Protein chains: 2
Amino acid sequence: MRAGDIPELQKLKLFADMTPAHFQDLIRAAYVQTFPPHVDLISEGDHGDFLHIVVSGSVELYSVWNHHETSMATVRPVSSFILAATIKNGPYLMSARTLEKSRIVLLPSIDVREIFDRDSGFARAVVRELANCYRSAVKDTKNLKLRSSLERLANYLIRSHMRSNEALVFELTIKKRRLASFLDMTPENLSRAIKSLRSYGVQIDGTRVTITDMNALLKLAKPSPLIDDYST
Amino acid sequence: MRAGDIPELQKLKLFADMTPAHFQDLIRAAYVQTFPPHVDLISEGDHGDFLHIVVSGSVELYSVWNHHETSMATVRPVSSFILAATIKNGPYLMSARTLEKSRIVLLPSIDVREIFDRDSGFARAVVRELANCYRSAVKDTKNLKLRSSLERLANYLIRSHMRSNEALVFELTIKKRRLASFLDMTPENLSRAIKSLRSYGVQIDGTRVTITDMNALLKLAKPSPLIDDYST
DNA sequence: CGTCCTTTTGAACATTGTCAAACACTGTGG
DNA sequence: CCACAGTGTTTGACAATGTTCAAAAGGACG
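Residues numbered from 1 in each chain as written. Chains lettered and ligands numbered in written order. Predicted model: local features only at pLDDT ≥ 70, side-chain atom pairs only at ≥ 80, totals over all residues. Heavy atoms only, no water.

Caption draft 1: View of the domain arrangement of chain A. Residue and element names in this part refer to chain A. Per the domain assignment, the segments of chain A are domain 1 (7-144) and domain 2 (147-221). A straight line from the C-alpha centre of domain 1 to that of domain 2 covers 28 Å. With 12 residues of domain 1 at the contact, the number on the domain 2 side is nine residues. Our count for the domain 1 to domain 2 interface comes out at one salt bridge. The partner of Arg178 in a salt bridge is Glu60, and the shortest N-O contact between them spans 3.0 Å. Run the count over domain 1 and domain 2 and you get seven residue pairs in polar contact (both at pLDDT 80 or more). Elements represented by at least two residues in the side of domain 1 that touches domain 2 include exactly strand S5 (68-75) and helix H4 (120-146). Top element by residues in the side of domain 1 that touches domain 2 is S5. It accounts for six residues. (Domains from an automatic or database assignment. Contact = heavy atoms within 4.5 Å. Salt bridge = Lys/Arg side-chain N within 4 Å of Asp/Glu carboxyl O. Polar contact = N/O pair within 3.5 Å; in protein donor to acceptor, adjacent residues only side chain to side chain. Helix = DSSP H or I, 4+ residues; strand = E, 2+ residues; numbered from the N terminus.)

Caption draft 2: Structural context of the relation of the copies chain B and chain A. Each copy of the sequence occupies a distinct position, and chain B is placed on chain A by a rotation of 180 degrees and an axial shift of 0.0 Å, giving an RMSD of 0.0 Å. The transformation relating the two chain copies, once decomposed into turn and shift, fits a two-fold axis. Of every C-alpha in chain B, the one belonging to Tyr134 of chain B sits nearest the axis of rotation, 2.2 Å from it. (Least-squares fit on C-alpha atoms with pLDDT ≥ 70 in both.)

Caption draft 3: The arrangement of the nonpolar core in detail. Core analysis: the biggest nonpolar cluster contains 102 residues, and Phe15 of chain A together with Phe15 of chain B have the highest contact counts within it. The next biggest cluster of nonpolar side chains, apart from the first, holds 24 residues, and it includes Leu157, Leu172, Ala193 and Ile204 of chain B. (Core = buried A, V, L, I, M, F, W, Y, C linked by side-chain atoms within 4.5 Å. Buried < 20%, exposed > 50% of the residue type's maximum accessible area, 1.4 Å probe, protein only.)

Caption draft 4: Local environment of unusual backbone geometry. Geometrically, the link from Pro77 of chain A to Val78 of chain A is a cis peptide bond, its omega value of -15 degrees lying close to zero. Counting through the fold element by element, Val78 of chain A comes out in the loop between S5 and strand S6 (79-81). Backbone geometry places Lys222 of chain A, a non-glycine residue, at a positive phi of 45 degrees. Positive phi is not limited to glycine here, since Asp184 of chain B has a value of about 65 degrees. As for its position among the elements, Asp184 of chain B is in the loop between helix H6 (176-182) and helix H7 (187-196).

The structure is reproduced here in structure tokens:
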């Protein structure tokens, strides 16, 4: 692969501060692949031989234990995933599958670790990225432990609202089934929670969300920059 | 502060790979302080001006939202905490308080960031540390989402058992109240869960845990290296 | 138009949380 | 050394929350 092949890669902050020569080295052995929807990319427990980057489409990170499955996150372009396993040269802690047709760049972990040792700009970018990942994960834990499922749903909607330029009408970007799992609820429980939100000025019809009383919703959700991520 | 003042610091993998000169620079402006039990060290939302290192005693990391508090982790010697906030120069996501009389080293964040930029050995160590923190946090989330409270307790006991050299009789190192919060249960619920574990060959009397049927406990807990940390 | 999948609804059930009270443990001061 | 206060833990009754199972309703797509 060459530097110009995937211009989207340049958008990644992870690669912004490295020397062009090292960037070349990094992507020389990389390759891009387009996957159909619902294809397993990696499986937890496997060894992390590649750093993955979603160039288009979207990828679900999920985990399984004792026949239960839970949705951990959705990765959207342009972002890398499982950086920690790559750097640590350890097993993946999460599985990943495509949600839709997706283009994925695969960077051999060994090259990532090698360039990481040689290029201090890249090393710093890796640190920033890992610090962000860690802080997101801490926020996830707080969200789960400190809030009820109704409060988690309310905050999820507020985050979605922020990401859609504060529109009061917007579309859910994931299926309700997966949203339920992401919020640690059953689909039935989510369905009922959605009904309960009507008394807080939220209408959800199919995938279309309409917020009619933001104050009531905020009063319930009590969003906090120390728990909720308004970036991404 | 001088390099020889706190020999315990040398034990930290975080400082193992840096040049002695940079280590000197890093700890020059640092200071050690001994705190009584139950003293607040940092408060979430505050700005991260110091990297903290527990030299002796122990520290609880906890979080608060909407008048609820939850215990996030216990930091034992010799470990740093809130490295991510230091590196990111961002607000703390968790509060910290001493659990007992504790000696804490305080390293000015600005120095940590400066040496981080100059010393690539240190930078790599920071990356390793953050990657570990992130992976621990992911495991926490999986533990919370995939397991029931009884299963979390069972796995907590198995981890404690491993840490006490696989002894079948050992002491709980934290008060049940905090353990409950850490496991995301109420004290009452924990108390009942402990009783339920009797049918899985676990007796808990005060702080003394006795495992009489490890097979039964393992069958319930189904521990996994992809969720449980047997290190620390 | 069916078929498959998701979502919704209802009812029974399980789990967990809340509140109040009893009990146990710890350390203090008399 | 004991009485006692203060804290932490346990227990019981009950309420709230969340899950399971079964079935119906709605959508997507060949």
